[in-house]
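The chain contents come next:
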Amino acid sequence: MATIDGLPPLREVIATHGLAAKKSLGQNFLLDLNLTAKIARQAGELAGCDVLEIGPGPGGLTRGLLAEGARRVLAVEKDARCLPALADIAAAYPGRLEVINGDALEIDPLARLTPPIRVAANLPYNVGTELLVRWLTPPDWPPFWQSLTLMFQREVAERIVAQPGSKAYGRLALLASWRAEARIVLSLPPEAFTPPPKVSSAVVHLTALPAPRFAADAKVLERVVAMAFNQRRKMLRAALKGLAPDIEDRLLAAGIKPTDRAETVSLEQFCALARAVAS
């Protein structure tokens, strides 16, 4: 990859700019540019697309996205130490990389992006799940993005693609399957990163559906599902008793037995329950 963009290897970039990964920011850097290019290719056809990247760090994936033909990359980076390294990439790709120094949870990047838009990121571990839930639960659908190509801890990735009845099935699987097609497209061992995390990682690719599989209000569904799986060992009438005084009646109206537990309930039933709670 360095021969493509004329920029130095990432280990050299990190040494030059003093970019030791910070645990407080959930940073684990991918230094293999062949691997970051492979991740970029998992995002699909990038020519003609703007790409939103969260937490680019020293810019390994950023370089992959640009080399793979992204029209523009908007990179949101909280760590100001990374800005000089990202500025070098911007200089190598004139007009194609914009960097925002800020917190991805607090910034609305949409004014700076032009559809079609894809999201690709080696997400910082401490904000990854919250960002995914936000991207899956906007009030209006279709969303601003066509696809999400995101790296998570392997355990989190498995929760996103889990099926009903499995141990990993829960809030993330329900929200992902409600409005998207999700699949794991790449697995990475700890030694692929610097510093190596204690767990394996995986890349999940989610493609937005034209419409949700079943009707439901996003905020209500997210609340119902979060409460149900927060106490997954309890019967639903106990786990959801704070939702409504007549929760048993609403469960029955959705075709759910009050004695059922969350992991046995389908997406269609949860959506019916969200409609019953909202009515």
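The paragraphs below set out a description of the structure included in this document. Here the structure is a predicted model, which is why all the values come from computation and not from measurement.

Focus on the pairing of strand β9 (residues 201-208)
- The element β9 is largely enclosed, with a buried count of 6 among its 8 residues.
- With 7 bridges joining them, strand β6 (residues 147-153) and β9 adopt antiparallel strand pairing. Its bridge partner lying in β9, L148 is registered against L206.
- Relative to β9, strand β7 (residues 180-188) runs antiparallel, the two sharing 8 bridges. Following the sheet pairing, E181 is matched in β9 by T207.

Considering the nonpolar core
- Of all hydrophobic cores here, the largest spans 60 residues; its most connected members are I54, L132, W135, L150, I160, L206 and F270.
- Within the second largest apolar cluster, 35 residues are counted, among which are L30, L46, L188 and V203.

Looking at the environment of R261
- Structurally, R261 is set in the loop between α11 (247-253) and α12 (267-278).
- Apart from the residues within four sequence positions on either side, R261 is in contact with R232, R233, K234, M235 and L236.

Remarks on the sheet that holds strand β3 (residues 72-77)
- Taking strand neighbours across the sheet as the criterion, the 7 strands line up as β4-β3-β2-β5-β6-β9-β7 in an open arrangement whose pairing is mixed. The open sheet has two edge strands with one neighbour each: β4 (97-101) and β7. Each strand of the sheet is rotated relative to its neighbour by a mean of 20°, with strand direction disregarded.
- In the sheet, strand β5 (residues 117-122) pairs with β6 via 5 bridges, with the strands oriented parallel. Paired with N122 across the bridge in β6 is M151.
- Running at roughly 155° to β6, helix α6 (residues 128-136) makes contact with β2 (50-54), β5, β6, β7 and β9 of the sheet.

Some remarks on the packing of aromatic side chains
- In this structure the tally under the stated criterion is 3 aromatic pairs.
- Ring geometry for Y169 against F229: centres 5.8 Å apart, planes inclined by 85°, an arrangement best described as edge-to-face. Separated by 60 residues along the polypeptide, Y169 in the loop between α7 (154-160) and α8 (171-179) and F229 in helix α9 (residues 218-230) bring together distant segments of the chain. The same class applies to Y169 as to F229, namely buried.
- Taken together, Y169, F229 and F270 form an aromatic cluster joined through their ring pairs.

Remarks on helix α5 (residues 83-92)
- Burial in α5 covers these residues: A85, L86 and I89. Viewed end-on, α5 has its buried residues packed into an arc of 95°, placing them on one side of the element.
- Buried residues along α5 sit in contact with α2 (10-17), α4 (60-67), β3 and β4.

Some words on unusual backbone geometry
- With omega at -5°, the peptide bond leading from P115 into P116 counts as cis.
- Take P116: it is sitting in the loop between β4 and β5.

What about the side chain of T149?
- Its location among the elements puts T149 in strand β6.
- Exposure remark for T149: the relative accessible area of 1% places this residue in the buried category.
- Setting aside its immediate chain neighbours within four residues, T149 contacts I39, Q42, A43, V119, A120, A121, V203, V204 and H205.

Side note on the packing of helix α3 (residues 33-42) against α4
- At a closest axis distance of 8 Å, the pairing of α3 and α4 adopts a crossing angle of 55°. Between α3 and α4, the angle falls in the class oblique. For α3 against α4, the interelement crossing comes out right-handed. Across the interface between the two elements, L33, T36, A37, I39 and A40 of α3 pack against G60, L61, R63, G64 and L65 of α4.
- Its residues assigned to classes, the contact of α3 with α4 shows 6 nonpolar, 3 polar and 1 charged.

Quick word on the pattern of salt bridges
- Under the defined criterion, the tally for this structure stands at 14 salt bridges.
- In this structure, the salt-bridge partner of D50 is R72, at a minimum N-O distance of 3.2 Å. On the criterion of sequence distance, the pair formed by D50 in strand β2 and R72 in strand β3 is long-range, its members being 22 residues apart.
- Residues joined in a network through salt bridges with shared partners are D50, R71, R72, E98 and R112.

Some words on the side chain of H205
- On the secondary structure map, H205 appears in strand β9.
- Within the structure, H205 has its side chain in polar contact with the side chain of T149 (distance 2.8 Å).
- Every residue in contact with H205, bar those within four places of it in the chain, is listed here: Q42, A43, S147, L148, T149, E181, A182, R183 and V185.

The rules behind the values
Residues numbered from 1 in each chain as written. Predicted model: local features only at pLDDT ≥ 70, side-chain atom pairs only at ≥ 80, totals over all residues. Heavy atoms only, no water. Buried < 20%, exposed > 50% of the residue type's maximum accessible area, 1.4 Å probe, protein only. Helix = DSSP H or I, 4+ residues; strand = E, 2+ residues; numbered from the N terminus. Pairing = 2+ DSSP bridges. Core = buried A, V, L, I, M, F, W, Y, C linked by side-chain atoms within 4.5 Å. Contact = heavy atoms within 4.5 Å. Axes fitted to C-alpha atoms, helices over the stretch in contact; angles between N-to-C directions. Phe/Tyr/Trp six-rings, centres within 6.5 Å; stacked < 30°, edge-to-face > 60°. Arc of directions from axis to C-beta. Parallel < 35°, antiparallel > 145°, perpendicular 65-115°, else oblique. Left-handed = near helix turned anticlockwise from the far one by under 90°. Nonpolar A, V, L, I, M, F, W, Y, C, P; charged D, E, K, R; others polar. Salt bridge = Lys/Arg side-chain N within 4 Å of Asp/Glu carboxyl O. Polar contact = N/O pair within 3.5 Å; in protein donor to acceptor, adjacent residues only side chain to side chain.

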